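# Residue-level structural notes
Here are the chains, one letter per residue:
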Amino acid sequence: EKHLRITVRQNGRILTLKAWNFAERAAEFTPGARLDVAFKLEEDAYSAARGRPGWAALLQDARPAVEGLASHPPSSIPLPSIIARMVPSGRMRPR
């Protein structure tokens, strides 16, 4: 398995991220770990055709949270991406 679906939360809000080619990094996403994540929203016609929301949140990169650095993404993250500090909620499924 190469991909993950990771559920994260911030301020009581929950978001499920598709994490293509992140299976090797699964140990980084332990429940309760504080992470800085970068993700982008993308149209998802496959899901829309099946009655689900017509968009998906795709994980671009993640790192352990560093105070004061959430607004400074690593240079490897393509823009536009959304940078946020989030906590894995424990629901992680291989895809």
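Our structure is the block above this text.
Because the structure is a prediction, the values reported are computed rather than measured. Sequence positions are assigned chain by chain, starting from 1 and proceeding in written order. Two thresholds apply to this predicted model, a pLDDT of at least 70 for residue-level local features and 80 or more for giving and counting side-chain atom pairs, whereas whole-chain, interface and lining totals are computed over all residues. Only heavy atoms go into the side-chain values, all of them from the structure, while hydrogens and water stay out.

### Comments concerning the overall build of the chain
What counts, and what does not: Helix numbers and strand numbers start at the N terminus; a helix is a DSSP run of H or I with at least 4 residues, a strand a run of E with at least 2. Each residue is placed in one exposure class: buried if its accessible area under a 1.4 Å probe, protein chains only, is under 20% of its type's maximum, exposed if it is over 50%, and partly exposed if it falls in between. Computed with a 1.4 Å probe, the accessible areas rest on the Shrake-Rupley method; for each residue, only the protein chains presented here act as cover.
When helices and strands are counted, the chain shows 1 helix and 5 strands. Reading the helices (α) and strands (β) of the chain from amino to carboxyl end gives β-β-β-α-β-β. Out of the 95 residues in the chain, the part that is buried amounts to 33%. Summing over all exposed atoms, the chain offers an accessible surface of approximately 6,000 Å²; the carbon and sulfur share of this is 53%.

### Here's the deal with the packing of aromatic side chains
We count it as follows: Only rings of Phe, Tyr and Trp enter the pairing, Trp through its six-membered ring, and a pair is recorded when the two centres are within 6.5 Å. The plane angle decides the type: under 30 degrees is stacked, over 60 is edge-to-face, the rest tilted. Criterion for a charge above a ring: Arg CZ or Lys NZ at most 6 Å from the ring centre, at most 35 degrees from the ring normal.
Applying the stated criterion across every chain, the model contains 1 aromatic pair. Cation over ring: Arg 50 sits above Tyr 46, and NZ or CZ is 3.5 Å from the ring centre.

### Here we look at the pattern of salt bridges
Put simply, the rule is: Basic side-chain nitrogens of Lys or Arg form a salt bridge, by our definition, when they fall within 4 Å of a carboxyl oxygen of Asp or Glu.
The final tally for this structure, using the stated rule, is 5 salt bridges. A salt bridge links Lys 40 to Glu 42; its shortest N-O distance comes to 3.9 Å. Linked through salt bridges whose partners overlap, the residues forming this network are Arg 25, Glu 28 and Asp 61.

### Comments concerning the pairing of strand 1 (residues 4-10)
The cut-off we apply is this: Two strands pair if DSSP finds at least two bridges between them.
Of all the 7 residues making up strand 1, 5 are buried; the element is thus mostly covered by neighbouring parts of the structure. Two successive antiparallel strands, strand 1 and strand 2 (residues 13-19), enclose a turn made up of 2 residues, where Asn 11 displays a positive phi of approximately 50 degrees.

### Considerations on the nonpolar core
To keep it simple, the criterion reads: Buried Ala, Val, Leu, Ile, Met, Phe, Trp, Tyr and Cys residues form a nonpolar core when they are joined through side-chain atoms within 4.5 Å.
Ranked by size, the top nonpolar core spans 14 residues in total, and within it Ile 6, Leu 17, Phe 29 and Leu 59 carry the most contacts. Secondary-structure elements contributing two or more residues to this core are strand 1, strand 2, strand 3 (35-43) and strand 4 (55-64).

### Topic: unusual backbone geometry
Residue Asn 11 is not a glycine yet carries a positive backbone phi of 50 degrees. Take Asn 11: it is sitting in the loop between strand 1 and strand 2. In this structure, Asn 21 takes a positive phi of about 60 degrees despite not being glycine. Structurally, Asn 21 is set in the loop between strand 2 and strand 3.

### Quick notes on the pairing of strand 4
Here strand 2 runs beside strand 4; their pairing, made up of 2 bridges, is parallel. Bridged to Leu 17 within strand 4 is Ala 57. In the sheet, strand 3 pairs with strand 4 via 9 bridges, with the strands oriented antiparallel. By the bridge assignment for strand 4, Ala 38 is matched with Asp 61.

### Description of the side chain of Ser 47
For the record, the criterion: N or O atoms closer than or at 3.5 Å make up a polar contact, with two conditions inside protein: a donor-capable atom paired with an acceptor-capable one, and, for residues adjacent in sequence, both atoms drawn from side chains. Two residues qualify as a contact provided that any one of their heavy atoms is within 4.5 Å of a heavy atom in the partner residue.
Mapped onto the elements, Ser 47 comes out in helix 1 (residues 45-48). Here the side chain of Ser 47 touches Asp 44 through a polar contact of 2.9 Å, side chain to side chain. Here Ser 47 is in contact with Lys 18, Arg 52 and Pro 53, once residues within four sequence places are set aside.

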